[in-house]
Amino acid sequence: MTDPQPSPPALPSPPVALLADAALFLDFDGTLAPLAETPDAVDVDDDLLAMLAGLRDTLDGRLAIVSGRSVTTLRTLGFGDFFLAGTHGLEFARPGEPVDAPARLPAIDAVEAAFHAFAEDKPGLLVERKSISVGLHFRGAPPWGEAARTLAEEQADEHGLTVQHGKMLYELRPGGADKGSAVRKLMGHPMMSRGVPVFIGDDITDEEGFAVAAELGGAGILVGTPRATFASFRLEQVAAVRHYLAQGIAAQDCRRPSS
């Protein structure tokens, strides 16, 4: 995939009308919930889940969570009633159905051991075990970021894996998928195919989702600080995302004929 081309310095806010016929794809960390010091510290409140359920119903089911988190973790966090794409498009699940995912590779276990050995004497580094991948977080130890990158790249070369760059994170996983391929696959579902793809995300890992949404006639919405991006619109922070989605529900309610 080519690097994103520079966008105008200030992207406009997304119109609420964009949600009216959307097939909506939502990143989780940094989009629906603020980033935390550790993955386990992220809080999913009941108000968020209730709002997403209302939005899903308003969109006739056309809502999916597309995350770097595993499907198992997303379900543990409370998202079991939604379409899910986890581990950057390597895993998929529908509500109440088994997870569609490749088997965990022995190479991932080897990388996990190398990450633990590296982090053992470096306070603040965190190794995150996922179902089919493993991440090395350096948010708590920024000076080790460059060394973490070098280790991740060496391990990827040795084991034939893909390095997924994130915010203060290097994750190693099998290749062949990203958030863009997840959008493309989910848009093949009869329910999602009735909408126009809209992808909302904050991280560089969301750029593929923005690009595919635009390619399929939709749009991406960047959350956070302006940057070169494939997105067409921008929201400042998580609170703005929630406000925008709530506006979408209210607008759809106003469009419904009164009984």
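Before reading further, recall that the structure is shown in the block above.
Since this is a predicted model, take the numbers as computed values, not measurements.

Q: What should I look at first to understand the layout of surface pockets in this one?
A: Which parts of space are left empty comes out when a probe the size of a water molecule is rolled across the atoms. Within this model, the second largest pocket holds a volume of roughly 220 Å³. In this structure, the second largest pocket is lined by 14 residues; those nearest its centre are Pro39, Asp40, Arg69, Thr73 and Glu128. Secondary structure elements with two or more residues in the lining of the second largest pocket: helix H2 (71–79) and strand E5 (126–129). The element that contributes the greatest number of residues to the lining of the second largest pocket is E5, accounting for four residues. The residue inventory of the lining of the second largest pocket, partitioned by class, reads five nonpolar, four polar and five charged.

Q: What exactly am I supposed to notice about the nonpolar core here?
A: Across soluble globular proteins, nonpolar side chains have a tendency to be buried as a group. Core analysis: the largest hydrophobic core is formed by 35 residues, its most contacted members being Leu24, Leu52, Ile65, Phe79, Ile200 and Leu245. Mapped onto this core, the elements with two or more residues apiece are strand E1 (22–26), helix H1 (46–58), strand E2 (63–66), H2, strand E9 (196–201), strand E10 (219–223), strand E11 (233–235) and helix H7 (238–255). Considering each element in turn, this core owes the most residues, five residues, to H1. With residues up to four places along the chain from it excluded, the contact list for Leu52 reads Leu26, Leu32, Leu63, Ile65, Phe79, Phe82 and Leu245. Counting 20 residues, the second-largest nonpolar core is a separate cluster that includes Ala119, Val134, Leu161 and Val163.

Q: Can you help me understand the packing of helix H3 (residues 106–119) against helix H4 (residues 145–159) in this one?
A: Two packed helices can be described by the angle between their axes and the distance between those axes. Contact geometry of H3 with H4 gives a least axis separation of 11 Å together with a crossing angle of 155 degrees. The angle between H3 and H4 falls in the class roughly antiparallel. Crossing geometry of H3 relative to H4 is assigned as right-handed. Residues Ala107, Ala110, Val111, Ala114, Phe115 and Phe118 of H3 lie in contact with H4, whose contacting residues are Ala147, Ala148, Leu151, Ala152, Gln155 and His159. Tallied by class, residues from the contact of H3 with H4 come to 10 nonpolar, two polar and no charged.

Q: Explain the packing of helix H5 (residues 179–186) against helix H6 (residues 207–215) here, please?
A: Their axes nearest at 6 Å, the elements H5 and H6 cross at an angle of 40 degrees. If you check the angle between H5 and H6, you find them oblique. The way H5 lies across H6 gives a crossing that is right-handed. In contact with Lys179, Gly180, Val183 and Arg184 of H5, H6 contributes Glu208, Gly209, Val212 and Glu215. Counted by class, the contact of H5 with H6 contains two nonpolar, two polar and four charged residues.

Q: I'm lost on the packing of aromatic side chains in this one. Help?
A: What describes a pair of aromatic rings is the distance from one ring centre to the other and the angle between the planes of the rings. Taken as a whole and judged by the stated rule, the model has five aromatic pairs. Plain terms: the ring middles of Phe199 and Phe210 are 5.7 Å apart, the flat faces sit at 80 degrees to each other, and that makes the pair edge-to-face. On the criterion of sequence distance, the pair formed by Phe199 in strand E9 and Phe210 in helix H6 is long-range, its members being 11 residues apart. An identical accessibility class is assigned to Phe199 and Phe210; each is buried. Each residue in the set Phe28, Phe79 and Phe82 is aromatic and connected to the rest through ring pairs, giving one cluster. Directly above the aromatic system of Phe118 lies the positively charged group of Lys122, at a separation of 4.3 Å from the ring centroid. Seen from the ring of Trp144, Lys122 lies directly overhead, with NZ or CZ sitting 4.9 Å from the centre.

Cut-offs used in this document
Residues numbered from 1 in each chain as written. Predicted model: local features only at pLDDT ≥ 70, side-chain atom pairs only at ≥ 80, totals over all residues. Heavy atoms only, no water. 1 Å grid on protein atoms, 1.4 Å probe; cavity = no way out; pocket = protein on both sides within 12 Å on 5 of 7 lines; lining within 4 Å. Points joined across faces, edges and corners; volume = space filled by probe spheres on them. Helix = DSSP H or I, 4+ residues; strand = E, 2+ residues; numbered from the N terminus. Nonpolar A, V, L, I, M, F, W, Y, C, P; charged D, E, K, R; others polar. Core = buried A, V, L, I, M, F, W, Y, C linked by side-chain atoms within 4.5 Å. Buried < 20%, exposed > 50% of the residue type's maximum accessible area, 1.4 Å probe, protein only. Contact = heavy atoms within 4.5 Å. Axes fitted to C-alpha atoms, helices over the stretch in contact; angles between N-to-C directions. Parallel < 35°, antiparallel > 145°, perpendicular 65-115°, else oblique. Left-handed = near helix turned anticlockwise from the far one by under 90°. Phe/Tyr/Trp six-rings, centres within 6.5 Å; stacked < 30°, edge-to-face > 60°. Lys NZ or Arg CZ within 6 Å of the ring centre and 35° of its normal.

In short, the description is geometric, and any link to function would need to be established separately.
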